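Below, each chain spelled out in residue letters.
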Amino acid sequence: MRPEVLAFIADGPLPDWDGSEEEIDRRGQQLDAISRPVTGEEARALVDCFGPDDCYGVAWTLLHLIETGPNPVLRERPAPDANEWHDRLWRRADNAGLYPAT
C-alpha cells in the first residue's frame, strides 16, 4: 500500500461537521495527494475512513477516490445500521450493475 494511503488511513475516520477547519482541510489535502486509481487493497482499507457525515464534502472526495479502484469494493450489502457512506457505495455499484441480479 502506498505511503499516502497509509497516512490517510492512520488518521482514522473523517471528522464530522464539528471538526476544526484545519483538520478538515488537512484531510482533504491528504486525499488530494493520493494518485488515482487506487488498488483494490487500498480501496477496501479506505472504506473504513468514512465519518458520520459528509465532512463538508470531503466524504464525497473519498467516495470518488474509492470508486477509482476495482469495483465493487463492498462484497456484501451493508447492514441496515451501517454507515450511510457504505450504503451509498453499495447502491452506486448496484445501480451500475456491478452486482449479480438476485
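Note: the structure precedes this text.
Keep in mind that what you see is a predicted model, and the values were worked out from it rather than measured.

Q: Please provide a residue-by-residue account of the overall build of the protein chain, values included.
A: In terms of helices and strands, the protein chain carries five helices and zero strands. Secondary structure elements of the protein chain occur, N-terminal to C-terminal, as α-α-α-α-α. Taking 102 residues into account, the globule formula puts the C-alpha radius of gyration at 13 Å, and the protein chain, at 13 Å, falls close to it. Seen along its three principal axes, the alpha-carbon backbone of the protein chain occupies a region of about 45 × 30 × 20 Å.

Q: Account for the pattern of salt bridges, with residues named and values stated.
A: All chains considered together, the criterion is met by six salt bridges. Notably, a salt bridge pairs Asp11 with Arg26, separated by 2.6 Å at the nearest N-O pair. Of the two residues, Asp11 is situated in the loop between α1 (3-10) and α2 (21-32) and Arg26 in helix α2; the sequence distance between them amounts to 15 residues. A relative accessible area of 33% places Asp11 in the partly exposed class. Note on Arg26: relative accessible area 33%, which makes it partly exposed.

Q: So what's going on with the environment of Gly28? Which residues, and what values?
A: The residue Gly28 is located in helix α2 in this model. Assessed through its relative accessible area of 16%, Gly28 is described here as buried. It is 9.5 Å that separates the C-alpha atoms of Gly28 and Leu14, two residues lying 14 residues apart in sequence.

Q: Tell me about the packing of α2 against helix α4 (residues 58-66), and please be specific about residues and values.
A: Interhelical geometry of α2 versus α4 gives an angle of 15 degrees and a closest axis separation of 10 Å. Between α2 and α4, the angle falls in the class roughly parallel. Remark: the crossing between α2 and α4 carries left-handed chirality. Between α2 and α4, the contacting residues are Ile24, Arg27, Gly28, Leu31 and Asp32 on the first element and Val58, Thr61, Leu62 and Leu65 on the second. Of the residues contributing to the contact of α2 with α4, the split by class is five nonpolar, two polar and two charged.

Each value, and the rule that gives it
Residues numbered from 1 in each chain as written. Predicted model: local features only at pLDDT ≥ 70, side-chain atom pairs only at ≥ 80, totals over all residues. Heavy atoms only, no water. Helix = DSSP H or I, 4+ residues; strand = E, 2+ residues; numbered from the N terminus. Rg over C-alpha atoms; globule rule 2.2 N^0.38 Å. Salt bridge = Lys/Arg side-chain N within 4 Å of Asp/Glu carboxyl O. Buried < 20%, exposed > 50% of the residue type's maximum accessible area, 1.4 Å probe, protein only. Axes fitted to C-alpha atoms, helices over the stretch in contact; angles between N-to-C directions. Parallel < 35°, antiparallel > 145°, perpendicular 65-115°, else oblique. Left-handed = near helix turned anticlockwise from the far one by under 90°. Contact = heavy atoms within 4.5 Å. Nonpolar A, V, L, I, M, F, W, Y, C, P; charged D, E, K, R; others polar.

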